[in-house]
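Summary of structural features
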Amino acid sequence: MSKDIVHIFDTTLRDGEQVPGCKLDANQKLVIAERLDNLGVDIIEAGFPISSPGDFDSVTEIAKLVKNATVCGLTRAVKKDIEVAAEALKPAKKPRIHTGIGTSDSHIKHKFNSNRDAIIERAMEAVSYAKSFVEDVEFYAEDAGRTDNEFLARVCEAVIKAGATVLNIPDTTGYCLPEEYGAKMKYLKENVKGIDKAILSCHCHNDLGLATANSIAGVINGARQIECTINGIGERAGNTSLEEVVMILRQHPDLNLDTNINSKLLYSTSQMVSQKMGMPVQPNKAIVGSNAFAHSSGIHQDGVIKNRETYEIIDPEDVGVDESSIVLTARSGRAALAYRAKKVGYELTKLQLDDVYREFLKYADSKKEVVDEDIHKIIVSSNINYESIT
Ligand code: KIV
Ligand code: ZN
């Protein structure tokens with residue numbers, strides 16, 4: 001059975017770029033947009049055109065450059081925003097306007113001092129207006145995570161009638177539990193008239209560390225688009241991480257879902273975005289962190305050297321990492337030392353290894369990590385009669 005495709009909507013250049021200190025210049029945005037297009041993302045959210053003349057220009061330049069992906073611009077449910085976004089997106093082969101409004105009681109009361117019926121009216125007006133410029137209109141129900149499902153279904157039904165092609169259900173505050181977010185999608189699938197005319201989209205923030213889990217719960221329950229960023233960068237604790245959702249779907253064929261992403265470009269794309277934004281990737285970050293394929297405890301190293309799959313569920317080459325690494329620390333065993341010694345040119349017999357290992361442990365206790373240069377020193381100082389293979 002062929003797999004259902006989940007569209008990847010990348011918002012690194014919009015939600016990601018909102019992070020303090022991560023501002024990109026126009027050229028950096030173009031380089032990243034081109035890379036995202038090559039990576040195979042389906043939609044690139046290029047910016048918020050009304051927010052500044054610089055952002056307007058960037059959206060236009062990205063719209064000119066991108067060959068395959070849909071290029072999207074964000075707006076509020078405000079006519080001027082929509083006009084400006086439509087103008088910025090004019091050169092795009094496939095333009096999309098992303099408009100919306102807060103739908104939770106908190107947003108309706110505190111942000112808009114309004115009421116539910118008036119919010120539905122504004123939502124419909126915004127979608128109809130956007131539709132007068134472009135065919136592809138995505139509607140976001142901001143704070144949908146905390147919006148009562150019945151009202152959310154009314155909003156969705158209304159904006160589908162107004163012409164929305166995609167319904168974004170953001171967990172703006174990262175509040176939902178995976179079961180709750182999945183149930184929300186299921187409820188919308190089952191209760192919104194005309195839902196088959198639109199794609200449901202997950203947009204999850206990571207305030208409780210649940211953005212990835214919530215997005216996966218969303219697609220299991222019928223959503224077919226995930227909004228995410230490279231390295232999970234974004235407001236506060238960030239957005240859903242692109243590399244995580246892509247690899248979860250790939251590693252779980254039982255879900256029968258896949259994306260159009262070329263996973264071999266994930267690691268280099270992560271590095272590129274991190275470098276351009278000046279935002280380091282945490283070493284233990286899933287998929288793209290420097291420790292994601294590094295093994296340092298003796299038991300794990302012994303297993304991985306015998307067969308990589310004992311402790312690795314992803315082939316590092318599948319995400320563009322050359323190979324797993326065996327890191328030598330005071331927790332490493334003989335198998336790891338013999339393996340690394342061989343890599344730097346020493347084939348040790350069992351007796352030699354015993355001697356070198358004793359020296360190694362003394363050395364390793366005083367260092368965080370034993371590197372190739374240290375291995376040479378240890379072998380020479382252990383005074384064994386080694387046989388070099390080089
Ligand atoms: O988190 C959010 O609700 C958003 C919307 C503007 C789509 O980023
Ligand atoms: Zn967001």
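Residues numbered from 1 in each chain as written. Chains lettered and ligands numbered in written order. Predicted model: local features only at pLDDT ≥ 70, side-chain atom pairs only at ≥ 80, totals over all residues. Heavy atoms only, no water.

Further remarks concern the overall build of the chain. Of the regular secondary structure elements, the chain holds 14 helices and 14 strands. Once the C-alpha set of the chain is aligned to its principal axes, its extents read approximately 85 × 45 × 40 Å. Here the chain holds 390 residues, and 53% of them are scored as buried. In the chain, once contacts between residues fewer than 6 apart in sequence are set aside, the share between residues at least 24 apart is 72%. Surface summary for the chain: the accessible area is close to 17700 Å², and the carbon and sulfur share equals 50%. Across the chain, the 46 positively charged side chains and the 57 negatively charged ones have centroids separated by 1 Å. (Helix = DSSP H or I, 4+ residues; strand = E, 2+ residues; numbered from the N terminus. Buried < 20%, exposed > 50% of the residue type's maximum accessible area, 1.4 Å probe, protein only. Contact = heavy atoms within 4.5 Å. Areas by Shrake-Rupley, 256 points an atom, 1.4 Å probe, with all protein chains shown as cover. Lys, Arg positive; Asp, Glu negative; His and termini not counted. Charge placed at Lys NZ, Arg CZ, Asp CG, Glu CD.)

As a further point, take the site of ligand 1. Taken together, Arg14, Asp15, His98, Tyr140, Glu142, Asn168, Pro170, Thr172, His203 and His205 are the residues near ligand 1. Within the side chain of Asp15, an N or O atom sits 3.2 Å from an oxygen atom of ligand 1. Between ligand 1 and the protein, one listed contact pairs an oxygen atom with a side-chain N or O atom of Thr172 at 2.7 Å. Bound to the protein, ligand 1 loses 92% of the 260 Å² it would expose on its own. (Near = heavy atom within 4 Å. Polar contact = N/O pair within 3.5 Å; in protein donor to acceptor, adjacent residues only side chain to side chain.)

To continue, consider the pairing of strand S8 (residues 199–204). With five of six residues buried, S8 lies mostly within the body of the structure. Direction of pairing for strand S7 (residues 166–171) relative to S8: parallel, over a ladder of six bridges. Following the sheet pairing, Pro170 is matched in S8 by His203. Where S8 and strand S9 (residues 225–228) come together, three bridges link them in parallel fashion. Opposite Ser201, over in S9, you have Gln225 as the bridge partner. The parallel pair S8 and S9, bridged by helix H8 (residues 211–220), forms a crossover whose chirality is right-handed. (Pairing = 2+ DSSP bridges. Right-handed = clockwise from strand over helix to strand, strands pointing away.)

Taken residue by residue, helix H14 (residues 372–381) has Asp374, Ile375, Ile378 and Ile379 as its buried positions. Angular distribution of buried residues about the axis of H14 spans 135 degrees; they occupy a single face of the element. Turned more than 90 degrees away from the buried face of H14, the exposed residues are Glu373 and Val380. Among the structural elements, helix H12 (334–343), strand S13 (346–347) and helix H13 (350–365) are those in contact with the buried residues of H14. Among the residues trailing H14, Asn383 stands out with phi positive, at a value near 60 degrees. (Arc of directions from axis to C-beta.)

Here we take up the side chain of Glu244. Relative to the assigned elements, Glu244 resides in helix H9 (residues 242–251). Note on Glu244: relative accessible area 17%, which makes it buried. Once residues lying within four places of it in the same chain are set aside, the contact partners of Glu244 are Thr212, Lys285, Ala286 and Ile287.

A few words on the domain arrangement of the chain. In terms of domains, the chain is made up of domain 1 (4–277) and domain 2 (294–388). Relative placement of domain 1 and domain 2: their C-alpha centres are 45 Å apart. Each side of the interface is counted separately: domain 1 has six residues, and domain 2 has seven residues. For the pairing of domain 1 and domain 2, the buried interface totals around 560 Å² over both sides, and the portion due to carbon and sulfur atoms is 55%. Considering only the side of domain 1, the residues that lose the most area to domain 2 are Gln251, Lys264 and Tyr267, jointly responsible for 69% of the buried surface there. (Domains from an automatic or database assignment. Buried area = accessible area lost by both parts, 1.4 Å probe.)

Donor atoms from the polypeptide that coordinate the zinc ion (ligand 2) comprise Asp15 (OD), His203 (NE2) and His205 (NE2), at 2.1 Å from the metal. We note that the donor set of the zinc ion (ligand 2) lies within a single chain, spaced as D-x187-H-x1-H. Here Asp15, found in the loop between strand S2 (7–10) and helix H1 (26–39), pairs with His203, found in strand S8; they are 188 residues apart in sequence, far enough to count as distant. Residue classification places His203 among the buried residues on the basis of a relative accessible area of 4%. (Donors = N, O, S within 2.8 Å, 3.2 Å for Na, K, Ca; no water.)

Now for the sheet that holds S9. Sheet architecture is closed into a barrel: eight strands sit in the order S2-S3-S4-S5-S6-S7-S8-S9, paired in parallel fashion. Averaged over all neighbouring strand pairs, the angle between strand axes comes to 25 degrees, with direction disregarded. Pairing of strand S3 (residues 43–47) with strand S4 (residues 70–74), which is carried by four bridges, proceeds in the parallel orientation. The residue bridging Ile43 from the neighbouring strand is Thr70, located in S4. (Axes fitted to C-alpha atoms, helices over the stretch in contact; angles between N-to-C directions.)

Quick look at the pattern of salt bridges now. For the coordinates displayed, the defined rule picks out 35 salt bridges. Notably, a salt bridge pairs Asp318 with Lys264, separated by 3.9 Å at the nearest N-O pair. Of this pair, Asp318 sits in the loop between helix H11 (298–306) and strand S12 (325–326) while Lys264 sits in the loop between strand S10 (257–258) and helix H10 (266–277), placing them 54 residues apart in sequence. Its salt-bridge partner being Lys343, residue Glu323 comes within 3.6 Å of it at the nearest N-O pair. Here Glu323 is found in the loop between H11 and S12, whereas its partner Lys343 is found in helix H12, with 20 residues between them in sequence. Where salt bridges share partners, they join Glu17, Lys23, Lys29 and Asp55 into one cluster. (Salt bridge = Lys/Arg side-chain N within 4 Å of Asp/Glu carboxyl O.)

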